[in-house]
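# A closer look at the structure
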2 protein chains.
Amino acid sequence: MAVKKKDHGRGTALASSLPAAGMQVKGRLWLEKDGEAFLSWGRVVLLERIRDLGSIAAAARSMEMAYSHAWSMVADINRLAGEELVSRTFGGRKGGRAWLTPAGEKAVAGFWQLVARFQEWIKHQQF
Amino acid sequence: MAVKKKDHGRGTALASSLPAAGMQVKGRLWLEKDGEAFLSWGRVVLLERIRDLGSIAAAARSMEMAYSHAWSMVADINRLAGEELVSRTFGGRKGGRAWLTPAGEKAVAGFWQLVARFQEWIKHQQF
DNA sequence: ATTTGCTATTTATTTTTTAGAATAACGCAT
DNA sequence: ATGCGTTATTCTAAAAAATAAATAGCAAAT
């Protein structure tokens, strides 16, 4: 397998330093709202997949994640954001669909900007 | 309980930004050697406890960690370092003891220096 | 009305991770 | 030589996390 589908787990690094003597500094960032996990790598990837694929079910499948898990993540994200980052309808010929609101798009973009700064910082760290 | 004893788990942040609107940037760093986890917060705390308490068993107890888990962490750390960061003897009146080698002390100090830089960086990040 | 494929929700199962228990070996001190 | 509390090691149990399964509701299109 060329690229792992499930490369967004908890222990997985978001950034890493340039290797020196086989030793690398690895790191991970996430956002908390009122002390509760709000956005992390995996969650932001999920949001992007929802945007790209148009449904929570398809997004979950593409990440080899259980639908119920993806669904509860979306519920948490919307609740903690205090507004909908993901909107959806259900019913209809195609069963329903889900999409990112403008606030959702902003959150995704903002997270990746933060990650980019982190990657830049960590690149210059050494042990 | 004033201070949690087990505050060094995988999902626990090493650093966090100043809270803005209830939203905080949290982060975690670790070191990998040849792609395998080498030093992380929990492992470095374990090394410090070994230094302070003089045995792996006492260190594990103080962190409410199973001895067998602490023991295998020490084995991994020494293996990945390519030299002993923790030395030990066994047998004797007091059963045996463990201590940090100079290389072990250096590793602990170096890790906290890295963490300090990380905390300084993340403090100024915002989402 | 029926079909369709999703959302929504709960419950059960599996997997993974971590803790715990149990046993042997060790060697110094008594 | 015996007792002691550790290191060392393996195996089992428990806890946590993730997946899977199962069911109902929905509304557009046929």
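Data block above holds the structure.
Quick summary incoming for the structure in this document. (Residues numbered from 1 in each chain as written. Chains lettered and ligands numbered in written order. Predicted model: local features only at pLDDT ≥ 70, side-chain atom pairs only at ≥ 80, totals over all residues. Heavy atoms only, no water.)

### Examining the interface of chain B and chain A
So the rule is basically this: Contacts between residues were defined by any pair of non-hydrogen atoms, one from each residue, lying within 4.5 Å. Values labelled buried area give the accessible surface lost by two parts on being combined, using a 1.4 Å probe and summing over both. Pairs of N or O atoms within 3.5 Å make up the polar contacts considered here, provided that, within protein, one atom can donate a hydrogen while the other can accept it, and that residues adjacent in sequence are counted only when both atoms are side-chain atoms. In DSSP terms, a helix is any run of H or I states spanning at least four residues, a strand is any run of E spanning at least two, and both are numbered starting from the N terminus. Note on pairing: two strands pair once DSSP finds at least 2 bridges between them.
Each side of the interface is counted separately: chain B has 30 residues, and chain A has 31 residues. Note on chain B versus chain A: buried area summed over both sides is about 2500 Å², and carbon and sulfur give 67% of it. Among the residues chain B hides against chain A, the three largest losses belong to B:Trp30, B:Trp121 and B:Phe127. Together they make up 25% of the total. At the surface where chain B touches chain A, the tally comes to 11 residue pairs in polar contact (both at pLDDT 80 or more). Mapped by element, the contributors of at least two residues to the side of chain B that touches chain A are β2 (23-33), β3 (36-39) and α4 (102-123) of chain B. With 11 residues, the single largest contributor to the side of chain B that touches chain A is β2(B). Relative to β2(B), strand β2 (residues 23-33) of chain A runs antiparallel, the two being bridged by 11 bridges. Looking across to β2(B), one finds that A:Gly27 is bridged to B:Leu29.

### With respect to the protein's contact with DNA strand D
As a reminder, the rule being used: By convention in this text, a residue qualifies as near a molecule or strand provided that one of its non-hydrogen atoms is within 4 Å of it. As a working rule, the residues Ala, Val, Leu, Ile, Met, Phe, Trp, Tyr, Cys and Pro are called nonpolar, Asp, Glu, Lys and Arg charged, and the rest polar, with Gly in that last group.
Of all residues adjacent to DNA strand D, which total 28 residues, the nearest are A:Gly91, A:Gly92, B:Ile56, B:Trp71 and B:Arg88. At 3.3 Å, a side-chain N or O of B:Trp71 approaches a phosphate oxygen of DNA strand D. Side-chain polar atom of B:Arg88 to a phosphate oxygen of DNA strand D: 2.6 Å apart, as the coordinates give it. Listing elements by their share of the surface near DNA strand D, those giving two or more residues are α3 (67-81) of chain A together with α2 (56-62), α3 (67-81), β4 (86-90) and β5 (96-100) of chain B. Grouping the constituent residues of the surface near DNA strand D by class yields 9 nonpolar, 11 polar and 8 charged.

### A look at the protein's contact with DNA strand C
Near DNA strand C lie 26 residues; those nearest to it are A:Ile56, A:Arg88, A:Gly95, B:Gly91 and B:Gly92. Backbone atoms, meaning sugar and phosphate, form 64% of the atoms of DNA strand C found within 4 Å of the protein. The separation between a phosphate oxygen of DNA strand C and a polar main-chain atom of A:Ala57 is 3.1 Å. Contact distances for DNA strand C include 3.3 Å between a sugar or linking oxygen and a backbone N or O atom of A:Lys94. Looking at the surface near DNA strand C, the elements that each hand over two or more residues are α2 (56-62), α3, β4 (86-90) and β5 (96-100) of chain A together with α3 of chain B. Each residue belonging to the surface near DNA strand C can be placed in one class, and the counts come to 8 nonpolar, 11 polar and 7 charged.

### Structural notes on the pattern of salt bridges
Threshold: Put simply, a salt bridge is a Lys or Arg side-chain nitrogen that is within 4 Å of an Asp or Glu carboxyl oxygen. For each residue, the accessible area found with a 1.4 Å probe, counting protein chains only, is set against the maximum for its type, and the residue is called buried under 20%, exposed over 50%, and partly exposed in between.
Evaluation of the coordinates by the stated rule reveals 14 salt bridges over all chains. Measuring nitrogen to oxygen at the nearest pair gives 3.2 Å for the salt bridge that ties A:Arg51 to A:Asp52. Taking the relative accessible area as the measure of exposure, A:Asp52 reaches 54% and is therefore exposed. Taking the shortest distance from any N to any O, the salt bridge between B:Arg79 and B:Asp76 comes out at 3.2 Å. Highlighted residues: B:Arg79 and B:Asp76, both in helix α3, separated by 3 residues, approximately one helical turn. The exposure class assigned to B:Arg79 is partly exposed, which follows from its relative accessible area of 47%. Where salt bridges share partners, they join A:Glu48, A:Arg51, A:Asp52 and A:Glu105 into one cluster.

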